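Chain by chain, the residues run as shown.
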Amino acid sequence: MECPVCGSESSTTLKSKKISSKSKDINELLLKCNSCNFVFRDTITEDKPSKFRLIISEHEKSIKTLIELYPDEKLETGNSLLSDIGQAEITSLETKQGKRVESAVAKDISTIWASSLEIPARVGISVDFSGKADSYKVDVERDFKFSVDDVVKINDSIFKIKSIKTLKRLTKKGFAKASVIKRVYGIPVNLNSYDYDLTNKIISKKLIKK
Ligand SMILES: [Zn+2]
């Protein structure tokens, strides 16, 4: 809001009147320059937020909702959104032409696809008994860390983690957070102590060993 007489950008609002149309908010202001006291008018026009279709997946199910965004807001996969059913991370954007893209401006988008950040991470666990594997799905906190060489109890097995498959790669060293892990691979070990027990985190199991 630059003063037309002296160019100062510091002013005091004496009056403001808001006029709303369907897509815009127009704010008419009466301003007084703080440097030379000149009184002048200005208007600020803002696009109003509008509602966009948002589909949030929670493991196997998905929930449809709407989210309010400014039409010129830029969205990108990996960004998180706060929806009426909680935080969700954008996984894909569908444009009005029906294309799936990684980034777009809200007004070009028909549907936002996201996955919920409010639910635990679901991780696969495979314990390899010489070629035959016990397979589990466990739900753990999203930031729970699995490290290669962790000794883990599950049911009556104790195993050591040998590798971790994340969304991007298979790793044989280091650690990863549950939120990016697809599967953890381990081999049974003959130990009585362990770092943690996943037995009460089991969602499903397929046991081959007997
Ligand atoms: Zn002025």
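Everything here concerns the structure above.
These notes cover the structure that comes with them. The structure displayed is predicted, hence computed values, not measured ones.

About the cut-offs
- Residues numbered from 1 in each chain as written.
- Predicted model: local features only at pLDDT ≥ 70, side-chain atom pairs only at ≥ 80, totals over all residues.
- Heavy atoms only, no water.
- Helix = DSSP H or I, 4+ residues; strand = E, 2+ residues; numbered from the N terminus.
- Donors = N, O, S within 2.8 Å, 3.2 Å for Na, K, Ca; no water.
- Tetrahedral: all angles 85-135°; square planar, octahedral: opposite > 155°, others 65-115°.
- Buried < 20%, exposed > 50% of the residue type's maximum accessible area, 1.4 Å probe, protein only.
- Pairing = 2+ DSSP bridges.
- Axes fitted to C-alpha atoms, helices over the stretch in contact; angles between N-to-C directions.
- Salt bridge = Lys/Arg side-chain N within 4 Å of Asp/Glu carboxyl O.
- Contact = heavy atoms within 4.5 Å.

## Remarks on the environment of Ser130
Part 1 of the argument: In this fold, Ser130 is placed in the loop between strand 12 (121–129) and strand 13 (132–140).
Part 2 of the argument: Spatially, the C-alpha atom of Ser130 lies 36 Å from that of Ser115, the residues being 15 residues apart in sequence.

## A short note on the coordination of the zinc ion
Part 1 of the argument: The coordination sphere of the zinc ion contains the protein donors Cys3 (SG), Cys6 (SG), Cys33 (SG) and Cys36 (SG), at a distance range of 2.3 Å.
Part 2 of the argument: With four donor atoms in place around the zinc ion and angles of 102 to 115 degrees between them, the coordination shape is tetrahedral.
Part 3 of the argument: Mapped onto the sequence, the donors of the zinc ion take the spacing C-x2-C-x26-C-x2-C.
Part 4 of the argument: Residue Cys6 is classed as partly exposed on the basis of its relative accessible area of 40%.

## Quick look at the sheet that holds strand 3 (residues 39–47)
Part 1 of the argument: The three strands lie next to each other as 1-2-3, forming an open sheet whose pairing is antiparallel. The open sheet has two edge strands with one neighbour each: strand 1 (11–20) and strand 3. Neighbour-to-neighbour, the strand axes of this sheet turn through a mean angle of 20 degrees, independent of strand direction.
Part 2 of the argument: The pairing of strand 2 (residues 24–33) with strand 3 spans nine bridges and is antiparallel. Within strand 3, the residue paired with Leu31 across the bridge is Phe40.

## Here we look at the pattern of salt bridges
Part 1 of the argument: In the structure shown here, the tally under the stated rule is five salt bridges.
Part 2 of the argument: What you see here is one network of salt bridges that share partners, running through Glu60, Arg122 and Asp139.

## What to know about the side chain of Ser163
Part 1 of the argument: For Ser163, the position within the fold is in strand 16 (residues 157–166).
Part 2 of the argument: Every residue in contact with Ser163, bar those within four places of it in the chain, is listed here: Val148, Leu170, Thr171, Lys172, Val184 and Tyr185.

## Some thoughts on unusual backbone geometry
Part 1 of the argument: With a phi close to 85 degrees, Asp149 is a non-glycine residue in the positive phi region.
Part 2 of the argument: You will see that Asn155, though not glycine, has its phi angle at about 50 degrees, which is positive.
Part 3 of the argument: Tracing the chain through its elements places Asn155 in the loop between strand 15 (151–154) and strand 16.

By themselves these figures say nothing about function.
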